[in-house]
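What follows is each chain in one-letter form.
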Amino acid sequence: MDENEQRIAAALAWIVSALERHQVPHQLVGGLAARAHGATRELVDIDFYAPLDKATTLLDEIRPYITWGPRHHRSSSWDLVFVKIDYNGQRIEIGDTSSRPKFFSRRDGCWLDQRIDYDRATAIPILGVVVPVMPKDELIDYKSALQRDVDWIDIEQLSG
């Protein structure tokens, strides 16, 4: 494991441990979820969804690492409340499912609700941590709707 993967693994272990200790439902999404399903592209951050209305004690514990939020953010791709975390140089983002997040589907030309079914998550070991991950079919559909450059890379690697 190289230095970058060691940093990601340490941050992943830390945040998953905190989420579980505070009994906050969570699901890994984004590039690391794609990696859990077999993709290999370079990672930028660790992305989770969790209901932040159930995470008050978690947010209190991780407050020293929070660099932004939780706050509402709207871009060309997302309309959601989320929190940015920096754990020893590794960025982690947690989107809030209790605030009805939306994403813009370039495929469909409209905003869609980001529905996360925590019960459908697939427990997958990644970088030494067992994590509930967005199911592969949902991840491919989500990335097919977003249609960013990184999404096409992940789709190609997950479909190949």
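Shown above is the structure to which this text applies.
Values in this document were obtained by computation on a predicted structure and should not be read as measured data.

### So, unusual backbone geometry
Phase 1 of the analysis: Following Gly69, the chain continues into Pro70 via a peptide bond in cis, with omega recorded as 0°.
Phase 2 of the analysis: Looking at the secondary structure, you find Pro70 in strand S3 (residues 66-74).
Phase 3 of the analysis: Positive phi is not limited to glycine here, since Asn88 has a value of about 50°.
Phase 4 of the analysis: For Asn88, the location among the structural elements is in the loop between strand S4 (78-87) and strand S5 (90-96).
Phase 5 of the analysis: Asn88 gets classed as exposed once you look at its relative accessible area, which sits at 57%.
Phase 6 of the analysis: Even without being a glycine, Arg100 presents a positive backbone phi close to 55°.
Phase 7 of the analysis: Looking at the element boundaries, Arg100 is found in the loop between S5 and strand S6 (102-105).

### Regarding the pairing of S4
Phase 1 of the analysis: Of all the 10 residues making up S4, seven are buried; the element is thus mostly covered by neighbouring parts of the structure.
Phase 2 of the analysis: The antiparallel pairing of S3 with S4 creates a hairpin that spans three residues between the two strands.
Phase 3 of the analysis: Where S4 lies against S6, two bridges are found, and the strand directions are antiparallel. Each residue of the ladder has a partner; that of Asp79, found in S6, is Lys102.
Phase 4 of the analysis: Two elements, S4 and S5, share six bridges in a ladder whose sense is antiparallel. Paired with Ile85 across the strands is Ile92, a residue of S5.
Phase 5 of the analysis: Linking S4 back to S5 in an antiparallel pair, the connection comprises two residues, with Asn88 at a positive phi of about 50°.

Criteria and cut-off values
Residues numbered from 1 in each chain as written. Predicted model: local features only at pLDDT ≥ 70, side-chain atom pairs only at ≥ 80, totals over all residues. Heavy atoms only, no water. Helix = DSSP H or I, 4+ residues; strand = E, 2+ residues; numbered from the N terminus. Buried < 20%, exposed > 50% of the residue type's maximum accessible area, 1.4 Å probe, protein only. Pairing = 2+ DSSP bridges.

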